[in-house]
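# Structural features, examined
So you can see what is in the structure, the chains are spelled out below.
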Amino acid sequence: MAPESVDLTVRTLGDCRIESPLAPLLAETESTEHYVDENDRVLFDDTVNMIAARKAKLDALPGFEPGGPRRKIFFQPSKTRVGIVTCGGLCPGLNDVIRGLVLELTSHYGVTKIYGFRNGYQGFIAKYGHPPIDLDAEAVSGVNEYGGTILGTSRGSQDPYEIVDCLESMSINVLFVIGGDGSMRGALTIADVVKERGLKIAVIGVPKTIDNDIPYIDQSFGFQTAFSKATESLRSAHVEARAVPNGVGLVQVMGRHSGFIACYATLANNDADYVLIPEVPFQLDGDDGFLAHLRRRVRERGHAVVVAAEGAGQEYLESGEPGQVDQSGNRKLKDIGLYLRRRIADDFAEHGMETSLKYIDPSYAIRSVPANPYDSVYCIRLAHAAVHAAMAGRTAMVVGRWRGRFVHVPIALAISKRNQVDPAGDLWMSVLETTGQPRTFG
Ligand SMILES: Nc1ncnc2c1ncn2[C@@H]1O[C@H](COP(=O)(O)OP(=O)(O)OP(=O)(O)O)[C@@H](O)[C@H]1O
Ligand SMILES: O=P(O)(O)OC[C@H]1O[C@](O)(CO)[C@@H](O)[C@@H]1O
Ligand SMILES: [Mg+2]
């Protein structure tokens, strides 16, 4: 396959001429197996075949700018005014990121003016009546113990010109946007208006999504907590299914367009027999279809557990009318879990098989919880990387981890496609190995 062509160049507001307060900490840094020096690059490709396919000299190989503190920075910390906003759906770790940003800015850079804009992009628009709040170490003390976001969030579009009017009127120099793909699209439009007006405002994204659907980052924060929480439902479904004759446990988990939560939760407890995800279409009916397969499995083994991502099998639910969308324009999905529950029950009845089907949908319970320790670590490190990037005048970029290293990813790249489970890739192969389900139904 031809190598992907990607533009990894990160926009900057200007030259960095100010000595960073963190410079002494950097005196002995160099590229190691754990760290990448600021003058180095993190290679985009990581296999010999991928690199060979580029047919490029070493210094022409594509690479990301590494995250981390710079010796020289762009903004004078004592004069820097910062804004933070959280947008889109909830995700474990939002409060960890807010706290991480505030503490890094105040304790290490000496920034004193930080505003929290409330309820997503609405917080910049006066008519909504949500004035910003002051953020300092005390305001964020202990907030990481709680799920949700202390700033509130919202969906729905707001005019980027009005948002930049607000930033200008408050003399904000740096804006951190913590949100999903839609929020990052919004952040890019803000950065573009800033550029159009010739302003020097850095716009830095910290991508969040429990669905793990942001590309060019190894994993999004909150995803690990969310799938860990989902494993509790899978465990319950398994216990219920095993306790009765011909028991079927059916679990629906979030995942609009990407089935990562379903796959990882399945691999985590290794009890599911079928995983249905949006990336892999499946046939329900017929001898090789999912329903017949499930019936055979229950007949042979006495029970079965089925995990469905909410975006799976939507083709069975289209009614022919144009789909409904939420305030942000995201397509509202129909309920595949309830549909499967009915179809499985009907199918067993038609074939004269007794069954007891237990349906579990943990829904928001997997994303409204506090981050687990792994995600908390990840959040704080992303927050640090975001502050370092902003103070060094980077803009229109998100922080992420690529091949295990913290990097700067241009927003344009981070919204250029959706991260999805590759049906030909090793994750889906692991799912097939774990469940024993066939590669395709029908
Ligand atoms: N193309 C776009 N241009 C400008 N703003 C956008 C765009 N798409 C979404 N937004 C704005 O970003 C905010 C969040 O978007 P959205 O509701 O889609 O959530 P998200 O950030 O994708 O998070 P989630 O992970 O919950 O989907 C909303 O205020 C929305 O209007
Ligand atoms: O009901 P809300 O808040 O629009 O969010 C639902 C969606 O958000 C997500 O969790 C992504 O954050 C999807 O998996 C889910 O469909
Ligand atoms: Mg989204």
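What counts as what
Residues numbered from 1 in each chain as written. Chains lettered and ligands numbered in written order. Predicted model: local features only at pLDDT ≥ 70, side-chain atom pairs only at ≥ 80, totals over all residues. Heavy atoms only, no water. UniProt positions renumbered as here; feature names shortened; annotations may be inferred. Near = heavy atom within 4 Å. Polar contact = N/O pair within 3.5 Å; in protein donor to acceptor, adjacent residues only side chain to side chain. Areas by Shrake-Rupley, 256 points an atom, 1.4 Å probe, with all protein chains shown as cover. Nonpolar A, V, L, I, M, F, W, Y, C, P; charged D, E, K, R; others polar. Phe/Tyr/Trp six-rings, centres within 6.5 Å; stacked < 30°, edge-to-face > 60°. Buried < 20%, exposed > 50% of the residue type's maximum accessible area, 1.4 Å probe, protein only. Helix = DSSP H or I, 4+ residues; strand = E, 2+ residues; numbered from the N terminus.

- The name given to the protein in an unreviewed UniProt entry is ATP-dependent 6-phosphofructokinase, with Catellatospora chokoriensis as the source organism.
- Per UniProt, the protein carries the Sequence similarities (unreviewed entry) text "Belongs to the phosphofructokinase type A (PFKA) family. PPi-dependent PFK group II subfamily. Atypical ATP-dependent clade 'X' sub-subfamily."
- A UniProt comment under Catalytic activity (unreviewed entry) is attached to the protein, and it reads "beta-D-fructose 6-phosphate + ATP = beta-D-fructose 1,6-bisphosphate + ADP + H(+)".

## Comments concerning the site of ligand 2
- Around ligand 2 lies a shell formed by R155, I210, D211, M254, G255, R256, E310, Y364 and R367.
- Between D211 and ligand 2, the recorded distance is 2.9 Å, taken from a side-chain N or O atom to an oxygen atom.
- Within the side chain of Y364, a nitrogen or oxygen atom sits 2.5 Å from an oxygen atom of ligand 2.
- Surface burial for ligand 2 is 81%, taken as the share of its 400 Å² of free accessible area covered by protein chains.
- Of the residues belonging to the shell around ligand 2, the class tally is 3 nonpolar, 1 polar and 5 charged.

## A word on the site of ligand 1
- Residues in close proximity to ligand 1 total 16 residues, the closest being G89, G156, D181, S183 and S328.
- The side chain of N330 places a nitrogen or oxygen atom 3.0 Å from an oxygen atom of ligand 1.
- Computed on the free molecule, ligand 1 has an accessible area of 620 Å², of which 82% lies beneath the protein chains in the complex.
- For the shell around ligand 1, the class distribution of residues is 1 nonpolar, 10 polar and 5 charged.

## Some points on the packing of aromatic side chains
- The full count for this structure, using the stated rule, is 19 aromatic pairs.
- Seen from their ring centres, F74 and F75 are 4.9 Å apart, and the 85° between their planes marks the pair as edge-to-face. The two residues F74 and F75 agree in class, both being buried.
- Between Y274 and F441, the ring centres sit 6.0 Å apart and the planes meet at 45°, which makes this aromatic pair tilted. With Y274 in strand β12 (residues 274-276) and F441 in the segment after α11 (426-435), this pair connects stretches of sequence that are 167 residues apart. Like F441, Y274 is buried.
- The structure contains a cluster of three or more aromatic residues connected by ring pairs, namely Y274, F282, F290, Y316, Y339 and F441.

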